[in-house]
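Structural overview for review
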Amino acid sequence: MNDEQLLRYSRHLLLTELGVEGQARLRAAQLLVVGAGGLGCPAALYLATAGVGRLTIADPDVVDATNLQRQILYRADSIGRSKAESSHTALRAVNPDVEVVALPTRLAGAALERAVAAAQVVLDCSDNFETRHAVNRACVLHGRALVSGAAIRFDGQLAVFDPRRPDAPCYACLFPEDSEAEELRCAVMGVLAPLTGTIGAMQAIEAIKLIAGIGEPLAGRLLLLDALHGESRIVRIAKDPHCPVCSARPEARTG
Ligand SMILES: [Zn+2]
């Protein structure tokens, strides 16, 4: 680290758990943020200020006026611009040390596989089940830790799914792919602006812990935050032994 970096990251270096070694791990890390909306903006912003090496941020949308209430990487003059490209500009402005790769596309198929495989940790900051399940499948396939966040109305959720851990559940163990779960969309239901900031920032915390190898990640646990009543609780997520995504394939029959 040069003098400028020692100064920039000095408040991290003071944390004995993190220190120079943890900061070096952050600097060497590649992360993928899927979705540059209410969760992705604060998550990416904190990961950039924290000094991660390379941040890939994927979002096919353009900024519109309704986004500015909570999507804190954008300004009034970002309206009409690509979220991925605008994020790139904002993140590089706050920390030129960080390499930012903007993907202004809906990651799917081979492109999603490549992006997940290249990342150490994946943050799901998307807003729809189709993307969430596709990201989860890719993370299970490539053995990548997934930090999943969600926020709607006054309710937030946060969980880590780490397929490297024995008996780890995956996102589909919690929300099966074939479930009839109703898609709750902020465009219809509304969402409290700083709640998305809270959950997104907590996703950044979990990602930093995973990369630095410190603390206890929220693996196999789901944090539920009720912002309206100031209450939170954590529930264990069990692995579904019949989960079509993460359960081991049955032994080949013999004879
Ligand atoms: Zn599963």
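Preceding block: the structure.
The shown structure was predicted, so the numbers you read here are calculated from the model rather than taken from an experiment.

1. Here we look at helix H4 (residues 40-50)
Of all 11 residues making up H4, 8 are buried, and the element is well covered by its neighbours. Among the residues making up H4, those that are buried are Gly40, Cys41, Pro42, Ala43, Ala44, Leu47, Ala48 and Ala50. Where H4 ends, the next residue or the one after it, Gly51, has phi of about 90°, a positive value.

2. Things to note about the state of the cysteines
Inspection of every chain in the model, using the stated rule, returns 0 disulfides. For the unlinked cysteine Cys41, the closest cysteine sulfur is that of Cys125, found at 9.2 Å. Residue classification places Cys41 among the buried residues on the basis of a relative accessible area of 0%.

3. Focus on the side chain of Gln203
Inspection of the secondary structure puts Gln203 in helix H10 (residues 193-212). Among all residues touching Gln203, those that are not within four sequence positions of it are Leu39, Leu123, Asp124, Cys125, Val147, Ser148, Gly149 and Leu158.

4. So, unusual backbone geometry
Here the phi dihedral of Arg153 falls at roughly 50°; this positive angle occurs in a residue that is not glycine. Its location among the elements puts Arg153 in the loop between strand S5 (145-152) and strand S6 (155-161). Given the relative accessible area of 41%, Arg153 is considered partly exposed. In this model, Asp167 sits at a positive phi of 60°, which is unusual for a non-glycine residue. Considering the arrangement of structural elements, one finds Asp167 in the loop between S6 and helix H8 (171-174). The class of Asp167 is exposed, set by a relative accessible area of 67%.

5. So, the coordination of the zinc ion
Around the zinc ion, the protein supplies Cys170 (SG), Cys173 (SG), Cys243 (SG) and Cys246 (SG) as donor atoms, at distances of 2.3 Å. Relative to the metal, the 4 donor atoms surrounding the zinc ion lie at angles of 94 to 124°, and the coordination shape comes out tetrahedral. Considered as a linear motif, the donors of the zinc ion on their single chain read C-x2-C-x69-C-x2-C. Pair noted here: Cys170 is in the loop between S6 and H8 and Cys246 is in the segment after strand S8 (231-236), with a separation of 76 residues, a long-range link. Judged by relative accessible area, which is 16%, Cys246 ranks as buried.

6. Some thoughts on helix H3 (residues 19-28)
Within H3, the full set of buried residues consists of Gly19, Gly22, Gln23 and Leu26. Angularly, the buried residues of H3 cover 100° about the axis, an arc narrow enough to put them on a single face. Seen from the buried face of H3, the exposed residues on the opposite side, beyond 90 degrees, are Val20, Glu21 and Ala28. Elements in contact with the buried residues of H3: helix H2 (10-13), H4 and H10.

7. What to know about the packing of helix H6 (residues 109-118) against helix H7 (residues 129-142)
As a packed pair, H6 and H7 sit with axes 9 Å apart at the nearest point and diverge in direction by 50°. Overall, the two elements H6 and H7 adopt an arrangement that is oblique. The two elements H6 and H7 cross, and the hand of that crossing is right-handed. Each of Leu112, Glu113, Val116 and Ala117 in H6 lies in contact with H7, whose residues at this interface are Ala134, Val135, Ala138, Cys139, Leu141 and His142.

Rules used in this analysis
All residue numbers refer to position in the chain's written sequence, counted from 1. Only residues with pLDDT of at least 70 get local features here, since the model is predicted, and only at 80 or more are side-chain atom pairs given and counted; chain-wide, interface and lining totals rely on the full set of residues. With hydrogens and water set aside, each side-chain value is computed from the structure's full complement of heavy atoms. Only protein chains enter the calculation, and the probe is 1.4 Å; a residue is then buried if its accessible area is under 20% of its type maximum, exposed if over 50%, and partly exposed in between. In this text, helices come from DSSP runs of H or I with a minimum length of four residues, and strands from runs of E with a minimum of two, each type numbered from the N-terminal end. Sulfur atoms of two cysteines make up a disulfide when they are within 2.5 Å. It only takes one pair of heavy atoms within 4.5 Å for two residues to be counted as in contact. Think of the donor list as every N, O and S atom within 2.8 Å of the metal, or within 3.2 Å for Na, K and Ca; water never makes the list, so a site can look incomplete. Here a site with four donors is tetrahedral if all angles are between 85 and 135 degrees, and a site with four or six donors is square planar or octahedral if opposite donors are over 155 degrees apart and the other angles are between 65 and 115; anything else gets the irregular label. This arc is taken over the directions from the axis of the helix to the C-beta atoms. In this analysis an axis means a line fitted to C-alpha atoms, helices contributing only their contacting stretch, and an angle means the value between N-to-C directions, from 0 to 180 degrees. By definition in this entry, angles of less than 35 degrees are roughly parallel, angles greater than 145 are roughly antiparallel, angles of 65 to 115 are roughly perpendicular, and the rest are oblique. A clockwise turn of the near helix away from the far one marks a right-handed crossing, whereas an anticlockwise turn of less than a right angle marks a left-handed crossing.

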